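Topology and contacts: notes
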Amino acid sequence: MTAAEPVVRMTGISIEFPGVKALDGVDFRLFPGEVHSLMGENGAGKSTLIKALTGVYKIDSGSIEVAGAERRFHGTADAQAAGISTVYQEVNLCPNLTIGENVMLGHEVRGPFGINWSATHRAATRALAKLGLARLDPRRPLSSLSIALQQLVAISRAVATDSRVLILDEPTSSLDAAEVEQLFAVVRRLRDEGVAILFVSHFLDQVYEISD
């Protein structure tokens, strides 16, 4: 795959629910190192398209290619294994766990006697540092962070797993202007590193600011 080729190619995607055609022959491409915005009014099919790409919904027809290979996702684990991560409007983390445990959840560093927590927290620190969050103690409870910082911790999970595609679904809805700028700085950094980013929003000013 070259830089000029899409990392995601969805062709002729259709999904139908009882009495509703949610997607009808949708084509979509996402390239490495770009921020691509997805917009539309409520009911337009944005969330359905995302859920098709992330394995939540099974497509009725069409095809999905990731890095040039056709994929059939039977669940979110398949999409994650293909390098696709999603950060939702409502942060889907575990507030009862530490920051480091959330960053590395499901990808803990293991040794001969189970999880190596020291190595796991070091790996979490490296992932956080890539987003400018090296100051955060990975052993600190996630619940002690603001919603904005929790969003960035969620993105750190994608960094820790070397995701090639990052989907941000209405990530700024609960953020103030300063927090949005902090998030956008991270988005631009990941874009410059070659991550393909799908930004879903209904804030036109933000779309114009961040989109390629």
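Here, the structure is the one placed above.
What this report covers is the structure whose coordinates are included nearby. As the structure is a prediction and not an experimental result, all values here were calculated from the model.

**Examining the sheet that holds strand S1 (residues 8–17)**
The strands that make up a sheet pair up through hydrogen bonds in the backbone, lying either parallel or antiparallel. In spatial order, the strands read S2-S1-S4-S5; together these 4 strands make up an open sheet with antiparallel pairing. Of all the strands in the sheet, the pair left with one neighbour each is strand S2 (20–30) and strand S5 (69–71). Direction aside, the axes of adjacent strands within the sheet are offset by 30 degrees on average. The pairing of S1 with S2 spans 7 bridges and is classified as antiparallel. Counterpart to Phe17 in the pairing with S2 is Val20.

**Examining helix H5 (residues 147–160)**
Over its 14 residues, H5 extends 20 Å from the first C-alpha to the last, a length consistent with the 20 Å expected when each residue adds 1.5 Å. Burial within H5 is extensive, with 11 of its 14 residues counted as buried. Considered for burial, the residues of H5 that qualify are Ala148, Leu149, Gln150, Gln151, Leu152, Val153, Ala154, Ile155, Ser156, Ala158 and Val159. Phi for Asp162, located one or two positions after H5, is positive at around 55 degrees.

**Some words on the pattern of salt bridges**
All told, the structure shown has 5 salt bridges when counted by the stated rule. One salt bridge in this structure joins Glu209 and Arg188, with 3.5 Å as the shortest N-O distance. A residue pair is termed long-range when its members are at least 10 positions apart, and Glu209 in helix H7 (residues 204–210) and Arg188 in helix H6 (residues 177–192) qualify at 21 residues. You can call Glu209 partly exposed: its relative accessible area is 37%. Look at Arg188 and you get partly exposed, because its relative accessible area is 25%. Of the charged contacts, one joins Asp192 and Arg191 as a salt bridge, the two residues approaching to 3.1 Å between their closest N and O atoms. On the accessibility criterion, Arg191 (19% relative accessible area) is buried. Linked through salt bridges whose partners overlap, the residues forming this network are Arg191, Asp192 and Asp212.

**Describing the sheet that holds strand S10 (residues 196–200)**
Spatially, S3-S10-S9-S6 is the arrangement adopted by the 4 strands of the open sheet, whose pairing is parallel. A single partner strand is all that each edge strand has here, and the edge strands are strand S3 (35–38) and strand S6 (84–87). For this sheet, the mean angle separating the axes of adjacent strands, direction not counted, is 20 degrees. In this fold helix H1 (residues 46–53) packs onto S3, S6, strand S9 (165–169) and S10, with an angle of close to 150 degrees to the strand it touches most, S9. In this fold H5 packs onto S6 and S9, with an angle of close to 175 degrees to the strand it touches most, S6.

**Section: the packing of aromatic side chains**
One pass over the structure, following the stated rule, counts 2 aromatic pairs. With a centroid separation of 5.2 Å and 70 degrees between ring planes, the pair formed by Phe17 and Tyr57 is classed as edge-to-face. Taken together, the residues Phe17 in strand S1 and Tyr57 in the loop between H1 and strand S4 (61–66) connect sequence positions 40 residues apart. What makes Tyr57 partly exposed here is its relative accessible area of 26%. Ring geometry for Phe184 and Phe199: centres 5.7 Å apart, planes at 80 degrees, overall edge-to-face. Of this pair, Phe184 sits in helix H6 while Phe199 is found in strand S10, placing the two residues 15 residues apart along the sequence.

**Some thoughts on the environment of Glu70**
Of note, Glu70 is situated in strand S5. For the pair Glu70 and Arg139, spaced 69 residues apart in the sequence, the C-alpha separation amounts to 40 Å. For Glu70, the contacting residues outside a window of four places in its chain are Ser63, Ile64 and Glu65.

Rules of the game
Residues numbered from 1 in each chain as written. Predicted model: local features only at pLDDT ≥ 70, side-chain atom pairs only at ≥ 80, totals over all residues. Heavy atoms only, no water. Pairing = 2+ DSSP bridges. Helix = DSSP H or I, 4+ residues; strand = E, 2+ residues; numbered from the N terminus. Axes fitted to C-alpha atoms, helices over the stretch in contact; angles between N-to-C directions. Expected span 1.5 Å × (residues − 1). Buried < 20%, exposed > 50% of the residue type's maximum accessible area, 1.4 Å probe, protein only. Salt bridge = Lys/Arg side-chain N within 4 Å of Asp/Glu carboxyl O. Contact = heavy atoms within 4.5 Å. Phe/Tyr/Trp six-rings, centres within 6.5 Å; stacked < 30°, edge-to-face > 60°.

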